[in-house]
Amino acid sequence: MSRLASAPVQGQRADPVHFEALHSASADPWGVHRRWYERRKRSLLLAALPREHYGLAFEPGCSVGGNTLALAARCSQLVSADASAAATARARAAVAGLPQVRVEHWRFPDRWPSRNCDLVVVSELAYYLSERDFARFLLRAPAHLTHGGHLLLCHWRAPIADAFRSGDSVHQAALAGLPLAHVGAWRDQDMRVDVWQNGAAPSVAAALQDGAP
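In this text the structure is predicted, and so the values were computed from the model without any measurement.

1. Observations regarding the packing of aromatic side chains
Then comes step 1: Scanning the model with the defined rule gives eight aromatic pairs in all.
Then comes step 2: Ring centres of Phe 58 and Phe 108 lie 6.0 Å apart, and the angle between their planes is 55°; on these two criteria the pair is classed as tilted. On the criterion of sequence distance, the pair formed by Phe 58 in strand β1 (residues 54-60) and Phe 108 in the loop between β3 (101-104) and β4 (117-123) is long-range, its members being 50 residues apart.
Then comes step 3: Overall, the relative accessible area of 1% leaves Phe 58 in the buried class.
Then comes step 4: Pairwise contacts between aromatic rings join Phe 58, Trp 106, Phe 108, Trp 112, Phe 134 and Phe 137 into one cluster.
Then comes step 5: Here Arg 165 stacks its cationic end above the ring of Phe 134, 4.2 Å away from the centre of that ring.

2. So, helix α4 (residues 85-94)
Then comes step 1: Taken together, the buried positions of α4 are Ala 86, Ala 87, Thr 88 and Ala 91.
Then comes step 2: Capping of α4 at its N-terminal end is provided by Ser 84; its side-chain oxygen lies 3.3 Å from the backbone amide nitrogen of Ala 86.

3. Some points on the packing of helix α1 (residues 16-25) against α4
Then comes step 1: Taken N-terminus to C-terminus, the directions of α1 and α4 make an angle of 50°; their axes are 7 Å apart at the nearest point. The angle between α1 and α4 falls in the class oblique. Together, Glu 20, His 23 and Ser 24 of α1 and Ala 85, Ala 86, Ala 87 and Arg 90 of α4 make up the contact between the two elements.

4. Quick word on the nonpolar core
Then comes step 1: Core analysis: the biggest nonpolar cluster contains 37 residues, and Phe 58, Val 120, Val 122, Phe 137, Leu 151 and Leu 153 have the highest contact counts within it.
Then comes step 2: Broken down by element, this core gets its largest block of residues, four residues, from strand β5 (residues 145-156).
Then comes step 3: The residues contacting Leu 153, other than those within four sequence positions of it, are Val 122, Phe 137, Val 170, His 171, Ala 174, Arg 192, Val 193, Asp 194 and Trp 196.
Then comes step 4: Listed in part, the 19 residues of the second largest apolar core include Leu 71, Leu 78, Leu 119 and Cys 154.

5. Brief notes about the pairing of strand β2 (residues 75-81)
Then comes step 1: Across the seven residues that make up β2, a large majority, five, are buried.
Then comes step 2: Where β1 lies against β2, six bridges are found, and the strand directions are parallel. Within the sheet, the bridge partner assigned to Ala 57 lies in β2 and is Leu 78.
Then comes step 3: Each parallel crossover has a hand, and the one from β1 via helix α3 (residues 66-72) to β2 is right-handed.
Then comes step 4: Pairing analysis gives four bridges linking β2 to β3, with the strands arranged parallel. Looking at β3, one finds that Leu 78 is bridged to Val 101.
Then comes step 5: Crossover β2 to β3 through α4 is right-handed.

6. A look at the environment of Leu 125
Then comes step 1: Within the secondary structure, Leu 125 is located in the loop between β4 and α5 (131-140).
Then comes step 2: Put simply, Leu 125 and Cys 154 are 29 residues apart on the chain and 8.5 Å apart in space, counted from C-alpha to C-alpha.
Then comes step 3: Beyond its immediate stretch of four places on either side in the chain, Leu 125 contacts Pro 60, Gly 61, Phe 108 and His 155.

7. Here we look at the side chain of Arg 136
Then comes step 1: As for its placement among the helices and strands, Arg 136 is situated in helix α5.
Then comes step 2: Its relative accessible area of 14% is what places Arg 136 among the buried residues.
Then comes step 3: Side-chain polar atoms of Arg 136 contact the side chain of Asp 133, separated by 2.6 Å.
Then comes step 4: With residues near it in sequence (within four places) discarded, Arg 136 still touches Pro 109 and Asp 110.

What counts and what doesn't
- Residues numbered from 1 in each chain as written.
- Predicted model: local features only at pLDDT ≥ 70, side-chain atom pairs only at ≥ 80, totals over all residues.
- Heavy atoms only, no water.
- Phe/Tyr/Trp six-rings, centres within 6.5 Å; stacked < 30°, edge-to-face > 60°.
- Helix = DSSP H or I, 4+ residues; strand = E, 2+ residues; numbered from the N terminus.
- Buried < 20%, exposed > 50% of the residue type's maximum accessible area, 1.4 Å probe, protein only.
- Lys NZ or Arg CZ within 6 Å of the ring centre and 35° of its normal.
- Polar contact = N/O pair within 3.5 Å; in protein donor to acceptor, adjacent residues only side chain to side chain.
- Axes fitted to C-alpha atoms, helices over the stretch in contact; angles between N-to-C directions.
- Parallel < 35°, antiparallel > 145°, perpendicular 65-115°, else oblique.
- Contact = heavy atoms within 4.5 Å.
- Core = buried A, V, L, I, M, F, W, Y, C linked by side-chain atoms within 4.5 Å.
- Pairing = 2+ DSSP bridges.
- Right-handed = clockwise from strand over helix to strand, strands pointing away.

Below, the structure is given as structure tokens:
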């Protein structure tokens, strides 16, 4: 999601009711299927993933399924979720015919897949989490990753009226607090992407240095 189209009441903070209203008022509140920013973000997000393919991936805050469609091609199984019932319905319609994708009406970080994940993608969501939920997310995320699994965060860097914190604050807190190896990053004026890894797994470069084919 990107936040440019959101029009919150000044001082309002996002919650499930707020997002339900946004998705009820518009079929695509942030233009995830049409805006260049969104298409470029998806390309950067996918390029930042260290592996070509993942077993089980989890995408909370999927909105209407823009990133979901892109991630589906890189995963054997993908569980996407959103706290808005309207968003969930549209995401399910977007991925109809993709049997490896399941879209759930879940509130994050209350619900996670029952199995540990090879990949967790949190895109433009963490700045909307309350202080309590943001702390819970940082605390719980490592335990939901498989050994060698990846956590990717991607957030818009401009001010957002209805957010609890900036995108930069999200990533700075994650860099300071996650007990995971930081293995990749991208930052420009619009967005930043960071990737963490749970436990050791060789990169392509490291494997070449070790003499692997």
